[in-house]
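# Residue-level structure breakdown
The residues making up each chain are set out below.
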Amino acid sequence: MAKFTLSGKQYDVEMKDVENAMKGVEPGKIQKYAVQVGKKLYPIKHVIAKTLKLTSADFTSHDAYRALRAIGYPISCYD
């Protein structure tokens, strides 16, 4: 279980929480950073927004990167 703070609120998240949140969700356009959940690549902000039930305007890409790394996901960079 990963514990992290995002926008002043503390979250406890496991990989299974991310996987459950992303079931049936189609990936959005990847700008720079992506994470693989199941067999699909998703933009990192998309994954955190869906998992935590936030809008992507509520946090930065750096926040999403840090949160996903804390949960245990490797992040891919596409330039």
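Residues numbered from 1 in each chain as written. Predicted model: local features only at pLDDT ≥ 70, side-chain atom pairs only at ≥ 80, totals over all residues. Heavy atoms only, no water.

### Quick look at the overall build of the chain
Each helix and strand counted, the chain has 3 helices and 5 strands in total. N-terminal to C-terminal, the α/β element order of the chain is β-β-α-β-β-α-α-β. Relative to the 2.2 N^0.38 estimate, which gives 12 Å for 79 residues, the radius of gyration of the chain is 11 Å and therefore close to what a compact globule would have. Along the longest, intermediate and shortest principal axes, the C-alpha atoms of the chain span 30 × 25 × 20 Å. Looking at the chain as a whole, 34% of its 79 residues are labelled buried. Put simply, of all contacts in the chain between residues at least 6 apart along the chain, 48% involve residues at least 24 apart. For the chain, the separation between the mean place of its 13 positive charges and that of its 8 negative charges on side chains is 2 Å. (Helix = DSSP H or I, 4+ residues; strand = E, 2+ residues; numbered from the N terminus. Rg over C-alpha atoms; globule rule 2.2 N^0.38 Å. Buried < 20%, exposed > 50% of the residue type's maximum accessible area, 1.4 Å probe, protein only. Contact = heavy atoms within 4.5 Å. Lys, Arg positive; Asp, Glu negative; His and termini not counted. Charge placed at Lys NZ, Arg CZ, Asp CG, Glu CD.)

### Topic: the environment of alanine 67
Within the secondary structure, alanine 67 is located in helix 3 (residues 61-71). Judged by relative accessible area, alanine 67 falls into the buried class, the value being 0%. Between the alpha carbons of alanine 67 and leucine 6 there is a distance of 8.2 Å; along the sequence they are 61 residues apart. Among all residues touching alanine 67, those that are not within four sequence positions of it are Phe4 and Ile48.

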